[in-house]
Amino acid sequence: MTTVAQRNAVVAAVTLSVVSVSGFLLLPVLLSCVQTELQLGSQYSGLFGSLVMGGFGVAALISQRWVRRAAWRTVGVLLMCVQAISWCVLLIALDIGSLAAAAVAVSVGALAGGSGYSLALMVLAESARPARAFSYSVIFQVAFQMVGLSLLSDSIAVYGAQGLLLPLIVCSVFVSTLTRLLPQRAKQVPGVEPIGEPAAKRCKHWLALAGCGFFYLNIGAYWSYIKIYGLQAGIDSEQLANLLALGVSGGLFGALAATQFERSIQPVTAVMVAAAGSIVAALILLVPATPILLLASLTLYKFCWSFSLPFQYSLVATLDKQGSSVAVAPAFHGAGGALGPIAVVALLGVSGWLAVPLVVILAVGLSSGLFWLAVRRFSAG
């Protein structure tokens, strides 16, 4: 490809990587909207977060079968059209009050979006400067969150579900027109990983992938319930929407910090630092909620989230010599994220809203422990 074609492909892939996971990026307002329209309790509305994350995880696993063989432009168009249709069906389901139809629409949309995200990751990985391309993806995802959480919350207050879903439909249709800028196919099929090393060492990248899964379990718990948590604390919807938009800005600084420290800090150290920050953010939720404290928790949490993610991918790639496991990481993220809301639901009846920080702390602790074990125990020698 020419330089212009390569640049256009990165632009299209970055845009695809943002819009394909728009449901996850805007999960707090999406779940709040579903809860209001269908008059669900907090426990059941949180389970829609599991459908979103579970769909992404299944899509990532399935994508390993087709992503290097398919015609990327054609598949990209189809996936974004399916996502747009799923948003349309969800809008109708909320209008008629059908819980089953809403669940199906969310699940299908998550499968299409997760597949689109895997496709975007593949394109970015084959770009001339993949690290920079992935950084662009994270930065624009955070920017999308900031704008979406700020503007769409007001739009929902005026227009209801249409204020959220119609813009998402437009975004999906728009990205479907950009897929013509993608490369037609993958450059090459990856080789088979050698199996001559000891079993303990061969499993090290799986430990890191499990660490990715537990990290996203904490995200699924925190991100699915943080708006509902704020509402239960007595913060009004308009103020909470502004807090979410401001707090998400911490992710922008986290992604930028990751690019600055990429060569000066060990990936496992960066993951540990982000884990410690995530735990502090969760501990803030144990204090009686105020707008300032909630904003502090959100900002720190988003910073650590965006700072950690590039280093997680780096660790998985380093521990797996062939690098093929990086493509599986979104599946572990999706599975972990799906279990997060379920873990909170299981504890809500026993511990109340203490369940959210408790799940976050336990999941982050397990995640960082698995990363440390993979690097320190099985990578020596």
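Residues numbered from 1 in each chain as written. Predicted model: local features only at pLDDT ≥ 70, side-chain atom pairs only at ≥ 80, totals over all residues. Heavy atoms only, no water.

Visitor: How would you summarise the layout of surface pockets if you had to cite specific residues and measurements?
Guide: Approximately 410 Å³ is the volume attributed to the second largest pocket. Taken together, 17 residues make up the lining of the second largest pocket; nearest its centre are Arg7, Val10, Val11, Ala133 and Tyr136. Going through the elements one at a time, helix H1 (3–19) and helix H7 (130–159) are the ones with two or more residues in the lining of the second largest pocket. The element that contributes the greatest number of residues to the lining of the second largest pocket is H1, accounting for 9 residues. Here the residues of the lining of the second largest pocket sort into 10 nonpolar, 4 polar and 3 charged. (1 Å grid on protein atoms, 1.4 Å probe; cavity = no way out; pocket = protein on both sides within 12 Å on 5 of 7 lines; lining within 4 Å. Points joined across faces, edges and corners; volume = space filled by probe spheres on them. Helix = DSSP H or I, 4+ residues; strand = E, 2+ residues; numbered from the N terminus. Nonpolar A, V, L, I, M, F, W, Y, C, P; charged D, E, K, R; others polar.)

Visitor: So what's going on with the side chain of Ser115? Which residues, and what values?
Guide: Here Ser115 lies in helix H6 (residues 99–125). Given the relative accessible area of 9%, Ser115 is considered buried. When sequence neighbours within four positions are dropped, the list of residues in contact with Ser115 reads Ala59, Trp66 and Leu79. (Buried < 20%, exposed > 50% of the residue type's maximum accessible area, 1.4 Å probe, protein only. Contact = heavy atoms within 4.5 Å.)

Visitor: Would you mind going over the nonpolar core in detail, with residue names and values included?
Guide: Grouped together as the largest cluster of nonpolar side chains are 96 residues, with contacts concentrated most on Phe24, Leu90, Leu94, Leu164, Leu165, Trp223 and Ile226. When residues in this core are grouped by element, the largest group, 15 residues, is from helix H10 (residues 204–232). Excluding residues that lie within four positions of it along the chain, Ile226 makes contacts with Pro28, Leu244, Leu285, Leu294 and Leu298. Ranked by size, the runner-up nonpolar core spans 23 residues in total, among them Ala13, Val19, Val67 and Ala70. (Core = buried A, V, L, I, M, F, W, Y, C linked by side-chain atoms within 4.5 Å.)

Visitor: Please give an account of the packing of H10 against helix H11 (residues 237–260) that cites residues and values.
Guide: Contact pair H10 / H11: the axes reach a minimum separation of 9 Å and the direction vectors enclose 140°. With respect to H11, the element H10 is oriented oblique. Crossing of H10 over H11 shows right-handed handedness. The segment H10 lies against H11, with Trp223, Ile226, Lys227, Gly230 and Leu231 engaging Ser237, Leu240, Leu244 and Val248. Across the contact of H10 with H11, the residue classes tally to 6 nonpolar, 2 polar and 1 charged. (Axes fitted to C-alpha atoms, helices over the stretch in contact; angles between N-to-C directions. Parallel < 35°, antiparallel > 145°, perpendicular 65-115°, else oblique. Left-handed = near helix turned anticlockwise from the far one by under 90°.)

Visitor: Any details on the environment of Phe332? Residues and values, ideally.
Guide: Tracing the backbone through its elements, the reader meets Phe332 in helix H14 (residues 329–351). Judged by relative accessible area, which is 23%, Phe332 ranks as partly exposed. Taking the C-alpha atoms as reference points, Phe332 and Ala210, separated by 122 residues in sequence, lie 6.7 Å from one another.

Visitor: Lay out H10 with the relevant residues and their values.
Guide: Its 29 residues place the ends of H10 42 Å apart at the C-alpha level, agreeing with the 42 Å of an ideal helix rising 1.5 Å per residue. The largest bend in H10 comes to about 50°, at Ile226. Most of H10 sits inside the fold, with 24 of its 29 residues counted as buried. Within two residues after H10, Gly234 carries a phi angle of roughly 95°, on the positive side. (Expected span 1.5 Å × (residues − 1). Bend = angle between axes of the 7 residues up to and from the residue.)

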